[in-house]
Amino acid sequence: ELFERWQAAGAPNKEPWAFTALGVLGDDDTARALTPLIRAWPGESLHARATVGLDVLASLGTDVALMNLHGIAQKLKFKGLQEKAREKIAAVAAARGFTAEELADRLVPDFDLGDEGGDVLDFGPRAFTISFDESLKPRLKGPDGKVLGDLPKPSKSDDAEKATAATERWKALKKDAKLVASGQVLRLELAMCDERRWKADGFRTFLVEHPLVVHLVRRLLWGVYEGAELKSTFRVAEDGTFADAKDAAVSLAADASVGIVHRLSLDEASLARWSVVFSDYELIQPFDQLGRQTYSPTAAEIAAKAIDRLGDTEVKTSRLMGLEARGWRKGAPQDAGWVWDMWRPLGDGLVATFGLDGGFCMGAADMNPTTQKVTAVHFHRGDDSKAIALGKISPILLSELAREREQLRE
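Keep in mind it's a predicted model, so treat the numbers as computed, not measured.

A.B. asks: Report on the packing of helix H4 (residues 28-40) against helix H6 (residues 63-74), specifying residues and quantitative values.
C.D. replies: Where H4 contacts H6, the two axes come as close as 8 Å, and the packing angle between them is 15 degrees. Taken together, the axes of H4 and H6 lie roughly parallel to each other. The two elements H4 and H6 meet at a crossing, and its hand is right-handed. Of the residues in H6, those touching H4 at Asp28, Ala31, Arg32, Thr35, Ile38 and Arg39 are Val64, Ala65, Asn68, Gly71 and Ile72. Its residues assigned to classes, the contact of H4 with H6 shows 5 nonpolar, 3 polar and 3 charged.

Okay, structure coming up:
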């Protein structure tokens, strides 16, 4: 209420305490209400206020507050504020001794779901069961087990107090899940593409035993790795146990290194077996895994030390900007604030980069060309501009970058 009165009074800069106090006195509802304002303020020429809003979310520090801060860092049309949010997330991760990916594991809210990843909305004489589909969209089953389009309105025979609480719970869950869903699907897809690994205890704690993320985990094929080599594969069953392609129980060693299996790591026989298993169990995958399109460098690309699948093809500038969700960053602004390249950190000092012939105008997106051509993707380390041979780069990484280029055509 103090914050709202401060806003109604014209948000005086000399009295910011009613705003910053939200970071001390606020709660999860504060974070939910503040985040849409932070996202909108740069468009109202209130960039400085939005930046303070990021500080407030970071100060709140609850899982929901950090989840919203992470969401701003992942996707926002105002790129200056998005970069500030990334810096905040990095600072929070460093303060807690985590990498950004490890912090992201810990930022996924559980929405007070039960151990099995569901919940019951109690109307008294009637109860409705919550579950989630392959895109983390919440869905309901009625007392008869049939899937419902939405929570029905209370009837006269229902307990009014319980029904009201259940309705509010359902509304909040739908709102929060919508914010989280696409980010979690993309996070796991990028973990597969970037060949991320979890130790067995982290895999259990943050994935298998997480009541929300587990709905995605059960729909993916997992592997145990020694270095880059895939040693065995398994899936996570409904009861949280692990099973191989023959449904035999699988146990994980305490020091096991676990990752999401990429299509390139499977031979044809293994792919066929697992495809049958996922079909038999009617497991719809949250993203293309077993059916993923893969690519190998052409002879010309190998000779040029670059990935080039577009040639002189013009692509939509909006699609290029969409690459930021997959880890790409705009280069440093040059004369008049124009950016002429994009780059992506790939770990271990490796960087991928490509040029733009039309560029991006920072601060004036309406000046961006609608389409433009892009140069081939080159690889180098740190500040060394010398191109690295493709043979020294992971085939999975090369395939994924080529796949991104092909998708720019669409």
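On we go.
A.B. asks: Tell me what's going on with the side chain of Thr35, and back it up with residues and numbers.
C.D. replies: Position of Thr35 relative to the elements: it lies in helix H4. You can call Thr35 buried: its relative accessible area is 3%. Among the polar contacts made by the side chain of Thr35, one reaches the main-chain carbonyl oxygen of Ala31 at a distance of 2.7 Å.

A.B. asks: For the sheet that holds strand S14 (residues 338-347), give the residues involved together with the corresponding values.
C.D. replies: The antiparallel open sheet is built from 5 strands, whose spatial order is S11-S17-S15-S14-S13. One side of each edge strand has no neighbouring strand; the edge strands of this open sheet are strand S11 (306-307) and strand S13 (329-330). When S11 meets strand S17 (residues 377-381), the two strands line up antiparallel, connected through 2 bridges. Directly across from Ala306, in S17, lies its bridge partner His378.

About the thresholds
Residues numbered from 1 in each chain as written. Predicted model: local features only at pLDDT ≥ 70, side-chain atom pairs only at ≥ 80, totals over all residues. Heavy atoms only, no water. Axes fitted to C-alpha atoms, helices over the stretch in contact; angles between N-to-C directions. Helix = DSSP H or I, 4+ residues; strand = E, 2+ residues; numbered from the N terminus. Parallel < 35°, antiparallel > 145°, perpendicular 65-115°, else oblique. Left-handed = near helix turned anticlockwise from the far one by under 90°. Contact = heavy atoms within 4.5 Å. Nonpolar A, V, L, I, M, F, W, Y, C, P; charged D, E, K, R; others polar. Buried < 20%, exposed > 50% of the residue type's maximum accessible area, 1.4 Å probe, protein only. Polar contact = N/O pair within 3.5 Å; in protein donor to acceptor, adjacent residues only side chain to side chain. Pairing = 2+ DSSP bridges.

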